[in-house]
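Commentary on secondary and tertiary structure
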Amino acid sequence: GEDVEQSLFLSVREGDSSVINCTYTDSSSTYLYWYKQEPGAGLQLLTYIFSNMDMKQDQRLTVLLNKKDKHLSLRIADTQTGDSAIYFCAESTTGGATNKLIFGTGTLLAVQP
Amino acid sequence: KAGVTQTPRYLIKTRGQQVTLSCSPISGHRSVSWYQQTPGQGLQFLFEYFSETQRNKGNFPGRFSGRQFSNSRSEMNVSTLELGDSALYLCASSLEWGSRNEQFFGPGTRLTVL
């Protein structure tokens, strides 16, 4: 079945690195995404990784994918108070004949000044 | 380039009424998907459209329906509203259809059913 899990809450101090973790179950997922949601707003696409990659870096963001363990992580370097938000990981489903995303429960990141 | 727009941003309805939500995708994008977000169930897929055809539908009752127009704009309709339909409804657009396409979300429509 399709299931994506995340820890619910993470608290870090400003300037530290944040690591948000996600596990998924669909072994044939083609793309895995990270979205950010600020209060009262929609979802902002942060980055994504293709399932045949191990790592992707984009400025302060680093995505690591362990396909064997079906584990995805998002590392935010030098975390700022503006990074406080809910972070969702999502996987695209099998077959390619759909845009459907399966989302995790979201991780609330709280950045302390 | 303008992002995904959704109208209205906020709606208050009463049980039994019906509601229509609108989504305009990013210019040039041809695929639109809809999601429901609630505190209890999280983000759940409603349906997706490409070339004016519904391609997939999530596990929602028939009261939830949608359509896509020739200009790629999409509407979703919920009839006979129930209290549990209160949610943030999010629309996402992508260039084409298929899992290799990045999806960009609008700000959502916040529906409250009283």
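Details of the structure are given in the entry above.
Every chain begins its residue count from 1, and numbering advances along the sequence as written. Numbering of ligands from 1 and lettering of chains from A proceed in the order in which they are written. In view of the model being predicted, local features appear only for residues whose pLDDT reaches at least 70, and side-chain atom pairs are presented and counted only at 80 or more, with totals across whole chains, interfaces and linings using the full set of residues. Derived side-chain values reflect all non-hydrogen atoms in the structure, with water molecules and hydrogen atoms excluded from consideration.

Secondary structure follows DSSP: runs of H or I at least 4 residues long count as helices, runs of E at least 2 residues long count as strands, and numbering of each begins at the N terminus. Regarding its fold elements, chain B presents zero helices and 11 strands. When the helices and strands of chain B are read in sequence order from the N terminus, they spell out β-β-β-β-β-β-β-β-β-β-β. The atom set for the radius of gyration is the C-alpha atoms, and the globule formula is 2.2 Å times the number of residues raised to the power 0.38. Against the compact-globule benchmark of 13 Å for 114 residues, chain B has a radius of gyration of 13 Å, which places it among compact chains. If you line up chain B on its principal axes, its C-alpha atoms span 35 × 25 × 25 Å. Summary of the burial criterion: residues with accessible area below 20% of their type's maximum are buried, those above 50% are exposed, and those between are partly exposed, where the area comes from a 1.4 Å probe applied to protein chains only. In chain B, which comprises 114 residues, the proportion classed as buried is 49%. Two residues form a contact once any of their heavy atoms are found within 4.5 Å. Of all intrachain contacts in chain B linking residues separated by at least 6 positions in sequence, the fraction that spans at least 24 positions is 55%. Total accessible area on chain B is roughly 5300 Å²; 47% of this is exposed by carbon and sulfur atoms. Within chain B, the 7 negative side-chain charges are centred at a point lying 4 Å from the centre of the 12 positive side-chain charges. Using a 1.4 Å probe, the Shrake-Rupley method yields the accessible areas, and only the shown protein chains count as cover for residues. All tallies of charge rest on Lys and Arg as positive and Asp and Glu as negative; His and the ends of each chain are not included. Positions of charges follow a simple convention, taking NZ of Lys, CZ of Arg, CG of Asp or CD of Glu.

Residue and element names in this part refer to chain A. The disulfide definition used here is simple: a pair of cysteine sulfur atoms within 2.5 Å. Within this structure, the stated rule accounts for two disulfides over all chains. Cysteine 22 shares a disulfide with cysteine 89; S-S distance 1.9 Å. Its S-S torsion of about 70° marks the bond between cysteine 22 and cysteine 89 as right-handed, since a negative value means left-handed. Of the two residues, cysteine 22 sits in strand β3 (residues 18-24) while cysteine 89 sits in strand β9 (residues 85-92), which places them 67 residues apart along the sequence.

What follows deals with the interface of chain A and chain B. Tallying the contact residues gives 22 residues for chain A and 24 residues for chain B. Across the chain A/chain B interface, buried area totals approximately 1800 Å², and carbon plus sulfur atoms make up 52% of it. Two parts placed together each lose some accessible area under a 1.4 Å probe, and adding up what both lose gives the buried area. Three residues, Leu43(A), Asn99(A) and Phe103(A), lead the burial of chain A against chain B; their summed loss comes to 31% of the area buried on that side. In the sections that follow, a salt bridge refers to a side-chain nitrogen of Lys or Arg positioned within 4 Å of a carboxyl oxygen of Asp or Glu. Remark: the boundary between chain A and chain B carries zero salt bridges. Two N or O atoms count as a polar contact when they lie within 3.5 Å, although within protein this holds only if one can serve as hydrogen donor and the other as acceptor, and sequence-adjacent residues are included solely when both atoms are side-chain atoms. Where chain A touches chain B, the interface holds 10 residue pairs in polar contact (both at pLDDT 80 or more).

Turning our attention to the sheet that holds strand β7 (residues 64-68) of chain B. Residues and elements named next belong to chain B. Whether two strands pair comes down to DSSP finding at least two bridges between them. Pairing is antiparallel across the open sheet formed by four strands, whose spatial order is β1-β3-β8-β7. A strand with exactly one partner marks an edge of an open sheet, and here the two such strands are β1 (5-7) and β7. Looking at each pair of strands side by side, their axes are set apart by 20° on average, direction ignored. Where β7 and strand β8 (residues 74-78) come together, five bridges link them in antiparallel fashion. Each bridged residue has a counterpart across the sheet, and for phenylalanine 64 the counterpart in β8 is valine 78. Angles run from 0 to 180 degrees between N-to-C directions of axes, and those axes are lines fitted to C-alpha atoms, restricted for helices to the stretch in contact.

With that settled, the discussion passes to a nonpolar patch on the surface. All names here are of chain A. The patches described consist of residues with a relative accessible area above 30% and no salt bridge, like charges being joined within 9 Å and nonpolar side chains (Val, Leu, Ile, Met, Phe, Trp, Tyr) within 5 Å. A contiguous nonpolar surface patch, about 320 Å² in accessible area, is contributed by Leu8, Phe9 and Leu108. Here phenylalanine 9 is to be found in strand β2 (residues 9-13). The exposure class assigned to phenylalanine 9 is exposed, which follows from its relative accessible area of 51%.

The next thing to look at is the environment of Gln6(B). All names here are of chain B. Note that glutamine 6 resides in strand β1. Assessed through its relative accessible area of 3%, glutamine 6 is described here as buried. In this structure, the C-alpha to C-alpha distance between glutamine 6 and leucine 90, residues 84 residues apart in sequence, is 8.2 Å. Contact partners of glutamine 6, with chain neighbours within four places excluded, come to Ser22, Cys23, Trp34, Tyr89, Leu90, Cys91, Gly106, Pro107, Gly108 and Thr109.

Any two of the Phe, Tyr and Trp rings considered here, Trp counted by its six-membered ring, make a pair once their centres fall within 6.5 Å; the pair's planes then place it as stacked at under 30 degrees, edge-to-face at over 60, or tilted in between. Tallying each qualifying case throughout the model produces 15 aromatic pairs over all chains. With 5.6 Å between their ring centres and 50° between their planes, Tyr35(B) and Phe105(B) make a pair best called tilted. You can see Tyr35(B) sitting in strand β4 (residues 31-38) and its partner Phe105(B) sitting in strand β10 (residues 104-105), a full 70 residues away along the chain. Phe105(B) sits in the buried class, given a relative accessible area of 10%. Comment: the charge-over-ring label is applied if NZ (Lys) or CZ (Arg) is within 6 Å of the ring centre and within 35 degrees of the ring normal. Of note, Lys56(A) hangs over the ring of Tyr48(A), and the distance from its end group to the ring centre comes to 4.0 Å. Taking the ring centre of Trp97(B) as reference, the NZ or CZ of Arg55(B) above it sits at 4.9 Å.

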